[in-house]
Each structure stands twice: as structure tokens, then as C-alpha cells.
Amino acid sequence: MNTEIGTSAPLDGQLKSIAILGSGLHAWALAAALGKYLLGTGTRVTLVDCVSDGQPDDTTHGVTAIAGDSRLHELLEFDEQTLMQGCNGTFQTATRFVDWHHPDHDFYIGYGQHGAKLGTADFHHYLTYQRQNGSDLRLESFSPGAVMASLGRFSHPPQDSSNILSTMEYLQQFDAAAYLAHMQSGVKQLQQQGDIDIVVGQLNQVNLRSRDGYIESLVLDDGVSVTADLFVDCSGAEGRLIDQAMYAKYIDWSQHLPFDRSLTVSVPTSVIDNTSLSPLNTIFGDDLGWIKQIFLNGKAVYQCQYSSDHSSFDEVLERLSLMANAEPPTAIKSQILRPGCRDKFWFKNCVAMGAAAGYVDSLHYTQGYVMDLDIQRFIGLIPFGSDMTIFAAEYNRLSSAAYSSIRDYHSAHYWSLHSAPRPHCYFQFYCQQLHQKINLFLERGVLSTKDDEVVDKQAWLALLYGLGLQPCRYDPFVGRHNEQQIKHHLITIQQLILREAQLQPEQIDYLSA
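This report concerns the structure included in the present document. Since this is a predicted model, take the numbers as computed values, not measurements. (Residues numbered from 1 in each chain as written. Predicted model: local features only at pLDDT ≥ 70, side-chain atom pairs only at ≥ 80, totals over all residues. Heavy atoms only, no water.)

1. Focus: the side chain of Thr-46
Counted only if it meets this: In DSSP terms, a helix is any run of H or I states spanning at least four residues, a strand is any run of E spanning at least two, and both are numbered starting from the N terminus. Think of it in three bands: with a 1.4 Å probe and only protein chains considered, a residue is buried below 20% of the maximum accessible area for its type, exposed above 50%, and partly exposed in between. Contacts are residue-level and defined by heavy atoms, with any inter-residue pair within 4.5 Å sufficient.
Tracing the chain through its elements places Thr-46 in strand S2 (residues 44-49). The exposure class assigned to Thr-46 is buried, which follows from its relative accessible area of 7%. In contact with Thr-46, not counting residues within four places along its chain, are Ile-18, Ala-19, Ile-20, Asp-197, Val-199 and Val-226.

Shown next, in the form of C-alpha cells:
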């Protein structure tokens, strides 16, 4: 089954086989996606289900979050309603930050667009104009996602583009174990149909070709040998292939992202007051670190990320137990985190995904969200009978841009103007790229985003205004409208969003409908 591959030579007419190493969600999701996508192409997919410890993915954290318009779910033909019911799912349209940099500092980051344009200038310039003239308007009041979440309401964004709620976006949140089981069921069905192979065992040895260092085969503890043209390492933070066999460099980002530990507890929602399931995650600033509260349908999850230099396991567990109103909580999971990513995600004939590729803390863009992007990117660059190196180079470029974009966005959360911020908040940026982005925004409200960034302009606006940053200048086009026109436009949009949101059902009713 193995095809010889030179460092720059093309494959011999066809990519015949792909092997995936891993036992977590990333591995099973990729196997499901490739099983569907490669059907009828002659390329064989083998999943080597090899248990790995210490994998910081959403299975560890108890929750898997996926974009509402997930391309992965579309490829796998997943029915959203079936998933929501079978995986205790809830919807999320915003994140609320409470006591973030200091007590009483709170803001929302809603998903999707803010407001509506008046003329050619972007909407946030009109808000800046009003704020500079004494208004206390907040950007979040112009976010359909944030307003819906604050009211506990949810319905799918309407198809009618003239409806202000059509600009809202949302996430789907699932119980991670149930979601993984659903994914595994789909892969095993593909196996029964003969479309994919599954091999179970412990990895014992990785054989490399002597002439070029490409992976030739994986040998399991029972002697079974798995060969392939292309190998995907989903083995977790250990990086059994990309790190331990290929020695691909790992770039440390601990200077940008301050936490190296995660502790998660979960309790049945019967233990706590959960009369209404808002489509909202809440993140609390705390002297120990930050604590995220997530409500699933029948389960509440509390996750704290913290620095082991400043906080202890016992301190964090006590705080989480108090918040969860459970002593002790029913489920406790601790994790060592390594913020950073590979210098090369695709090295020779090995592609790293999941925690083997990197880790960025889960403030917003969780590993489930990154997984969806990774799989889309990989599928778009599978080298069918072509020079593998050109696809590897593009995959590395796009992956590096994606991880850097998420790193900068999350790192910006920890910056503070306050004179006595939380321990996790800094007064300077370590990344020049991020420093430049913030300075451009402060000078005249410009947000420089590239096509290959995964964090969009609206997410940046919600964060920067939420942190209390305001541009010194607004777009000159704003001056083409008088003050009354601008004020009327903002009030009209604000009232329209609120009125439409109030007409929607509460999420708890929407889920049970």
C-alpha cells in the first residue's frame, strides 16, 4: 500500500492512502470527513485509534463548540436538531465578560455584525463620533447576538437579509463525550460500508525512510504495520509523529498567553439555578485567572485557566466548587497547557492537527472551532497525484496565519489600561503585529485584517470597544451627515434590534419545540 515519495518528486499518479493517528475528536472528525470526501477516489483512509494522554481538546474540557455554519457538519450531512437533542446541545450568540480587568468591568462580544451603515463609513465610526460628543452608547447594544443573549432569546438567523437579525451568527455547543460518540458512530458506519479502515492498538515504533526521513510505516504493539503515503498526527500534545519522530519545532507562546493550567468541573444543572438557558457563555475575571461558565442542556461546565506560578490546583478547585454549588463536583479534569504552535504543521509526509499542531487558550476560538478550520484547510489541499511539497507550503502558510490570528486576538484580552488590573492583564503587547493593529485602531479607528486571518473585523471591534479602547478620530465621511441624522440612525438601529430580539422565544423553549 505504501508509495515511495521523494522530497520534490510527484506521487506516481494518485495519492493512494492516508493514515490518521489519534483517539480524540480531531482524529475521528478527520476520519469521518475524509471518508466522505474521498469516497470513490481510490484513496484509502486508515484511522489508527491509539490512546494518548494529555490531549487538550474539547473532549477534555467537557464541551465542543462548532460554528453554526460549519462546513464539516455540511460535509458529514449532520442534522442540527438531531445533534442538539442527542448531545445536550445549546446555542451561543455572545460571550459576556464580567469583572474582567477589574471589578465592575463587563462587556459583551456578540457574534456577527454590528449595526448598519449610514453612507460609506463603517458603522463603528458613527458610534465613535457620538461617544466623542458625550454619548455613553455601547457597541454591544448594536449587536443582534449580544442583545439576544442578554435577553435569553434564540432563533436561527432569518434568511431575509432585510431583517436586522439576519446578520447574527451563532455557535453550537455540545457535550463533548456525546459529540465524540456521534462522530465515532458515523466513522464506524463508513467502516462497515468498506469505505474506511480502523486499527486499534498502541503505537510501538515509527519507521522512517532512510533516504529522506519520510514516514514509511507505523508499527503497533501487536505487530500490525500501517503504511501510507500521507500521515496525519492527531495524537495530542505528545505529537507522537510530528514531534517524537519528525522533530518538528514547536514555537512557545507563553509570553503572549499567560496560563499553563486548566481545570474543569461539571455538574448536572439540577444542582444549580438554571431556569433559563441563555445563548450566552460568561467569563469571569478572577485573581486566580479566568473562569468560563457554560450551560448545556442538563449540564453546567466551569473551566478555569490559570498560571501555576500564581495559583494552586486546590485554590482553583475550591473556587470552581463554590461557583458550581457542588462539593465536590461530579467531574474534575485537570490539564497542562502549552500555548504555541508548530513551526511547520505539514512536514515531509506528516501533517499535525489538534494539540499536536498547537494550542491557543479557549477564550473564544476553542479547539472544536479550530478543528473545523483545520479539516477544511486540509481537504482543500490534499495532493492528488501532485508534488506534495507545494501543498505543504500553502498549508503551512495558512495554518500559521490562522494560529497567529487567534493568538493575537486572545492575547489582546489580557491588556489593560487600568492602574490595578487582574494579575493576568498586562500593560504592554509582546507581539509587534498586535501592537501595530491596536495603534492603528486608536489613531483613527482603522482595523487592518488580512484575507487569511480567521478572526474577523467585527470580533475585533467588539473586543477593543469592550476593553474601553476608543479611536481618537473617526472616518471623515461621518462629517457628511449632521448630528441629528447620526443620532436618529443609531437610535433607530438600536430600537429595531431590541424590538426584533424581544419577539424571539427563550432558548429553553426553542430547544424543546
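Structure shown, so let's carry the discussion forward.
2. What about the nonpolar core?
Inclusion rule: Here, nonpolar core means buried Ala, Val, Leu, Ile, Met, Phe, Trp, Tyr and Cys residues that are tied together by side-chain atoms lying within 4.5 Å of each other.
Ranked by size, the top nonpolar core spans 145 residues in total, and within it Ile-20, Leu-34, Phe-378 and Trp-460 carry the most contacts. Residue contributions to this core peak at 9 residues, all from helix H1 (residues 25-37). Filtering out sequence-adjacent residues up to four positions away, Trp-460 remains in contact with Asp-408, Tyr-409, Ala-412, Leu-434, Lys-437, Ile-438, Leu-447, Thr-449, Glu-453 and Val-455. If you look at the next biggest cluster of nonpolar residues, it comprises 5 residues, including Tyr-108, Ala-146, Ala-149 and Leu-280.

3. Side note on the packing of helix H9 (residues 367-379) against helix H10 (residues 388-412)
Note the cut-off: Every axis corresponds to a line fitted to the C-alpha atoms, with the helix fit spanning only the stretch in contact, and the corresponding angles, defined between N-to-C directions, vary from 0 to 180 degrees. Roughly parallel covers angles under 35 degrees, roughly antiparallel covers those over 145, roughly perpendicular covers 65 to 115, and oblique covers all other angles. Helix crossings fall into two classes, left-handed where the near helix is turned counterclockwise from the far one by less than a right angle and right-handed where it is turned clockwise. By the convention adopted, Pro, Cys, Tyr, Trp, Phe, Met, Ile, Leu, Val and Ala count as nonpolar, Lys, Arg, Asp and Glu as charged, and the other residues, Gly among them, as polar.
Across the interface, H9 lies against H10 with an axial gap of 11 Å and an inter-helix angle of 165°. Taken as axis vectors, H9 and H10 run roughly antiparallel relative to one another. Seen along the crossing, H9 lies across H10 with a hand that is right-handed. The segment H9 lies against H10, with Val-370, Asp-374, Arg-377 and Phe-378 engaging Tyr-395, Leu-398, Ser-399, Ala-402, Tyr-403 and Ile-406. Here the residues of the contact of H9 with H10 sort into 7 nonpolar, 1 polar and 2 charged.

4. Examining the layout of surface pockets
Think of a ball as big as a water molecule: rolled over the atoms, this probe shows where empty space is left. Rule in force here: Buriedness of a pocket was judged along seven lines, with at least five required to meet protein on both sides within 12 Å; pockets are open sets of points on a 1 Å grid over the protein atoms alone, cavities are sets where a 1.4 Å probe fits but cannot get out, and lining residues have an atom within 4 Å of a point. Grid points are joined across faces, edges and corners, and a volume is the space filled by probe spheres set on the points.
In this structure, the largest pocket spans a volume of roughly 890 Å³. Lining the largest pocket are 33 residues, and of these Ala-67, Asp-69, Glu-169, Tyr-369 and Val-454 sit closest to its centre. Looking at the lining of the largest pocket, the elements with two or more residues in it are strand S6 (107-110), H9, H10 and helix H12 (457-466). If one sorts the elements of the lining of the largest pocket by residue count, H9 sits on top with 5 residues. Within the lining of the largest pocket, the residues separate by chemical class into 15 nonpolar, 9 polar and 9 charged.

5. Quick notes on the pattern of salt bridges
The condition is simple: A side-chain nitrogen of Lys or Arg and a carboxyl oxygen of Asp or Glu constitute a salt bridge if their distance falls within 4 Å.
In total, this model carries 17 salt bridges according to the counting rule given. Across the pair Glu-140 and Arg-138 runs a salt bridge whose closest N-O atoms are separated by 3.2 Å. Several salt bridges share partner residues, and in doing so they unite Lys-117, Asp-122 and Lys-457 into one network.

Keep in mind these values describe shape, not function.
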